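Descriptive structure summary
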Amino acid sequence: MNLNNLRPAEGSVKTRKRVGRGAGSGLGGTSTRGHKGAKSRSGYSKKIGFEGGQMPLQRRVPKFGFKNINRVEYKAINLDTIQSLAEAKNLSKVGVNDLIEAGFISSGQLVKVLGNGSLTTKLDVEANAFSKSAVAAIEAVGGNAVKL
């Protein structure tokens, strides 16, 4: 067998339906599009969500609530996570870059430290925001909560 005598399997190749080539071809006239309607016209393309003139679902369903365009999204990091990171890497100061390197956050994300868990070592923690309980817990062991 060579490249020059390769052939597709028997019956696997169908010839394309050539429409609009006159009445004698059997596929002239309406060219298999049927009579009238949007789908029979040239240039027809179905719009997303179009339901044939019926009121589309996205317009039938009631709308409620609102999206605050000024919302600030924080990634929550608990004190026990910071404690385990400080122990694992032997840190006395935990910043945003340390959290990025450890894979807890992505670069560009804002960090809020929450008070879940407990600190056992004195740490300086840098973050974009802190909960009241987190600040109290950090300062209780003699550390500092530095807001960026």
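First, a word on scope: everything that follows refers to the structure included in this document. (Residues numbered from 1 in each chain as written. Predicted model: local features only at pLDDT ≥ 70, side-chain atom pairs only at ≥ 80, totals over all residues. Heavy atoms only, no water.)

1. Considerations on the environment of Asn68
Here Asn68 lies in the loop between α1 (57-60) and β1 (74-78). A polar atom in the side chain of Asn68 sits 3.0 Å from the backbone nitrogen of Asn70. (Helix = DSSP H or I, 4+ residues; strand = E, 2+ residues; numbered from the N terminus. Polar contact = N/O pair within 3.5 Å; in protein donor to acceptor, adjacent residues only side chain to side chain.)

2. Re the pairing of strand β3 (residues 110-114)
The alternating pattern of β3 places Val111 and Val113 on a buried face, while none of Leu110, Lys112 and Leu114, on the opposite face, is buried. Bridge analysis of β1 against β3 gives 5 bridges, and the strand direction is parallel. Bridge pairing in β3 links Lys75 to Val111. The pairing of β3 with strand β5 (residues 129-130) spans 2 bridges and is parallel. Looking at β5, one finds that Lys112 is bridged to Ala129. (Buried < 20%, exposed > 50% of the residue type's maximum accessible area, 1.4 Å probe, protein only. Pairing = 2+ DSSP bridges.)

3. Regarding helix α2 (residues 79-89)
When we look at burial in α2, the residues that qualify are Leu79, Ile82, Gln83, Leu85 and Ala86. In a view along the axis of α2, the buried residues occupy a sector of 165 degrees, so they form one face of it. In α2, those exposed residues whose orientation departs by more than 90 degrees from the buried face are Glu87 and Ala88. In the core, the buried residues of α2 are packed alongside β1, β2 (93-94), α3 (96-102), β3, β4 (124-127) and α4 (132-140). (Arc of directions from axis to C-beta. Contact = heavy atoms within 4.5 Å.)

4. So, the side chain of Asp98
By the element assignment, Asp98 lies in helix α3. Buried and unpaired, Asp98 has no salt bridge, with Lys89 as the nearest side chain of opposite charge at 6.5 Å. (Lys, Arg positive; Asp, Glu negative; His and termini not counted. Salt bridge = Lys/Arg side-chain N within 4 Å of Asp/Glu carboxyl O.)

5. Focus on unusual backbone geometry
Residues other than glycine seldom take positive phi values, yet Lys36 does so here, at roughly 55 degrees. In this fold, Lys36 is placed in the segment before α1. The exposure class assigned to Lys36 is exposed, which follows from its relative accessible area of 69%. Here the phi dihedral of Asn90 falls at roughly 55 degrees; this positive angle occurs in a residue that is not glycine. A relative accessible area of 70% means that Asn90 is categorised as exposed.

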